[in-house]
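Letter by letter, the chains look like this.
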Amino acid sequence: AHLIDVAISPDGRWIAGVGNDPRAFVWSPETFLRDEVVIGAPRKGATSALNADSSLAAVPNGEAVDLVDTRRMKLLRHIPLRATSQFAAFSGDGDLLVTGDQSGDVLAWPLSGGPPRARIELGAQCVPQLIIAEPRTRRVAVHCSDGPLLWIDLDAAAPPRELGKYPGKLLASFVPTR
C-alpha cells in the first residue's frame, strides 16, 4: 500500500495515515508500533484528521467519511455525503466532525450520532480544499478551490465571512497564542 495522507494528533502522541487500499493506520512516534483498521478506500488527495486527544480519526472515503476509534482500531461510523468528500476536521471543542464535499457543502456532524447539526451551502463555486478548526471553539476556516478563505462560526446563523483570496493550494494551521 502507498501512503496518501497523514495527520499528526494535536498532542503529538500519534500519527494517523491512510493508504491507497481500504486500511487506516495509527502509529506511535515513540515506539513506531502500528495498528490498522479496514475502512473504505480513501481518495487520493483526501485529508484525514485526528481529534484533540487522538482517540478518533476521520478519513474521507469517496462519498462518505469514516469515523475510526484509534484506541480500539474500530470503525465507529460511516457518514454518507451528497458528493465526494476530501476534507474533514474536528471542531476545536471536540464535539463536531466537520466535512467538506465537492458540492460545496460544509457539514457539522455531532460525534454522538444523528444528522448534521449545521449545513453551510457554499455552492459549487466554493469547493472546500482545506478545513481547519480554531482550538477550543466551533469556528473553522475553509479554503475554497477558487481562492477565497472563509471564516465560519458553526453555532451562528451568520453567513461565512471572507478573509481574503488565496489562489492555489493553501496549507495552514492555527498557532496557539499567549
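Here is a short report on the structure shown in this document.

The rules behind the values
Residues numbered from 1 in each chain as written. Predicted model: local features only at pLDDT ≥ 70, side-chain atom pairs only at ≥ 80, totals over all residues. Heavy atoms only, no water. Helix = DSSP H or I, 4+ residues; strand = E, 2+ residues; numbered from the N terminus. Contact = heavy atoms within 4.5 Å. Buried < 20%, exposed > 50% of the residue type's maximum accessible area, 1.4 Å probe, protein only. Pairing = 2+ DSSP bridges. Polar contact = N/O pair within 3.5 Å; in protein donor to acceptor, adjacent residues only side chain to side chain. Core = buried A, V, L, I, M, F, W, Y, C linked by side-chain atoms within 4.5 Å.

By secondary structure assignment, the location of Ser145 is in the loop between strand S14 (139-144) and strand S15 (148-153). With residues up to four places along the chain from it excluded, the contact list for Ser145 reads Gln125, Val127 and Gln129.

All right, on to the pairing of strand S7 (residues 64-69) then. Remark: a regular strand shows side chains that alternate across the two faces of the sheet. Burial of S7 is extensive: six of the six residues sit out of reach of the surface. Pairing between strand S6 (residues 56-60) and S7: five bridges, direction antiparallel. Looking at S7, one finds that Pro60 is bridged to Val65. Counting the residues that bridge the hairpin from S6 to S7 gives three residues, and of these Gly62 lies at a positive phi of roughly 70 degrees. Bridge count for S7 against strand S8 (residues 74-80) is six bridges, and the pairing is antiparallel. By the bridge assignment, Ala64 is partnered in S8 with Pro80. Taking the residues between adjacent antiparallel strands as the criterion, S7 and S8 are bridged by four residues, where Met73 takes a positive phi near 50 degrees.

In this section: the side chain of Asp105. Tracing the backbone shows Asp105 in strand S11 (residues 105-110). By relative accessible area, Asp105 is classed as buried at 2%. At 3.5 Å, the side chain of Asp105 forms a polar contact with the side chain of Ser103. Apart from the residues lying within four places of it in its own chain, the contact partners of Asp105 are Arg82, Thr99, Gly100, Arg119, Ile120, Glu121 and Pro128.

Core analysis: the biggest nonpolar cluster contains 18 residues, and Ile120, Leu122, Ile131, Val140, Val142 and Leu154 have the highest contact counts within it. Per-element accounting of this core gives the leading share, three residues, to S14. Those residues in contact with Val142 that sit more than four places away from it in its chain are Val106, Leu122, Pro128, Leu130, Ile131, Pro148, Leu149, Leu150 and Ile152. Leu56, Leu67, Ala88 and Leu107 belong to the second-largest nonpolar core, a separate cluster that totals 12 residues.

With that settled, consider the pairing of strand S13 (residues 128-133). The buried fraction of S13 is high, at five of six residues. As judged from the five bridges shared by S13 and S14, these two strands associate in the antiparallel manner. Within S14, the position partnered with Ala133 by the bridge is Val140. The hairpin turn running from S13 into S14, its antiparallel successor, is five residues long, and Arg136 in that turn takes a positive phi close to 60 degrees.

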